[in-house]
Structures are given as structure tokens and as C-alpha cells.
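Coordinate inspection notes
So the chains spell out like this:
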Amino acid sequence: MSGLRTSHRWIVDLFAGLIVIQFFLAGLGAFTTVHNKRFNDNNFGPHAALGTVLVVVALVIAVLAVLGRWSPSATKLSGVLLGLMILQFILGVAGAGTAPVLGGLHAVNALLIVVV
């Protein structure tokens, strides 16, 4: 079991580092759009791609928490993180499509993800 817990910790640390990169990529996409004075889907391509990877990493975190028989609070937080990441994916897709208010919630949800 300790191997699973160690793996869980490493993946959580990886996730935290990737979140920092994700915020950078969001800012890069936004300021590239402003600098070019036109929107281009490719401005946010790397941000979207890493977001998809982060959902998978959150799934791995949740599975390792359950298999490693962590404390109930660690397991619960791992599940909450997965739920927030799924919601983040949905809000990002909807916000980039026809519902900009959901894109605004995408940014707010990102703050919740950092807290968890």
C-alpha cells in the first residue's frame, strides 16, 4: 500500500506543477489574442490540450486514493478534484462555444481546483 501512497503523492505534485503551467498557457492565449487583435482557436490550443491531460491525471489521483486506502478526507478530496476537473472541461468547452458566461465560470472553477 505504501507504494500506492507514494505514487499518489508524486501524481498530486505533478498535477500541482501542471496547474501552474496551465495558468501560464491561459494567460499566454489571452494576451496573444489581445496582441494579435483577433481571436484564433490556436491561441488556446495548448491550454485546452493540457486541460484534457489534467482531467486524466485527476482520474489517476482518485483511483490511487481509493486503491491506496487513504484517509477518508484524502480520498474525498481526490474525488472532489476529479469532479471539479470534469466540470472544468465542460465549462471550458461550453464557454468557448456559445455560452461565454460558462467561460467566466471556467475561470472561477479554476480557483476552486487550486484550493483543493
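**Quick look at helix α1 (residues 2-36)**
Each full turn of the α-helix corresponds to 3.6 residues, which orients residues three or four apart in the same direction. For α1, built from 35 residues, the straight-helix expectation of 51 Å at 1.5 Å per residue is met to within 8% by its first-to-last C-alpha distance of 50 Å. All of the buried residues along α1 are H8, F15, L18, I19, Q22, L25, G29 and T33. Where α1 is buried, its residues touch α2 (45-67), α3 (72-96) and α4 (100-115). Downstream of α1 by one or two residues, K37 has phi in the positive range, about 55°.

**So, a nonpolar patch on the surface**
A cluster of nonpolar side chains, I86, F89, I90 and V93, forms an exposed patch at the surface whose accessible area comes to about 370 Å². Among the structural elements, I90 can be located in helix α3.

**Thoughts on the side chain of N43**
Mapped onto the fold, N43 is located in the loop between α1 and α2. Here the side chain of N43 touches T33 through a polar contact of 2.8 Å, side chain to side chain.

**Describing the nonpolar core**
The biggest cluster of nonpolar side chains holds 16 residues, and the ones touching the most others in it are F15, L54, A58, L81, M85 and I113. Where this core is concerned, the elements lending two or more residues are α1, α2 and α3. With 7 residues, the single largest contributor to this core is α2. Here F15 is in contact with L54, V57, A58, I61, L81, M85 and I113, once residues within four sequence places are set aside.

Thresholds applied
- Numbering of residues starts from 1 in every chain and runs along the sequence as written.
- In keeping with the model being predicted, local features are shown solely for residues with a pLDDT of at least 70 and side-chain atom pairs are shown and tallied solely at 80 or more, while totals for entire chains, interfaces and linings include all residues.
- In computing side-chain values, all of the structure's heavy atoms are included and hydrogens and water are not.
- A helix here means a DSSP run of H or I that spans at least four residues, while a strand means a run of E at least two residues long, and both kinds are numbered starting from the N terminus.
- Expected span of a helix: the number of residues minus one, times 1.5 Å.
- Exposure is judged per residue with a 1.4 Å probe applied to protein chains only, and the accessible area is read against the type maximum: over 50% gives exposed, under 20% gives buried, and values in between give partly exposed.
- Any pair of residues with heavy atoms lying within 4.5 Å of one another is described as a contacting pair.
- Like-charged residues within 9 Å of one another, or nonpolar side chains (Val, Leu, Ile, Met, Phe, Trp, Tyr) within 5 Å, are grouped into patches, provided each residue has over 30% relative accessible area and no salt bridge.
- Surface accessibility follows the Shrake-Rupley procedure with a 1.4 Å probe radius. Residue values consider only the protein chains on display as shielding.
- Within this document, salt bridges are pairs made up of a side-chain nitrogen of Lys or Arg and a carboxyl oxygen of Asp or Glu, the two lying within 4 Å of each other.
- We call two N or O atoms a polar contact when they sit within 3.5 Å, provided that within protein one can donate a hydrogen and the other can accept it, with sequence-adjacent residues counted only if both atoms are side-chain atoms.
- Remark: nonpolar core denotes a set of buried residues (Ala, Val, Leu, Ile, Met, Phe, Trp, Tyr, Cys) joined through side-chain atoms within 4.5 Å.

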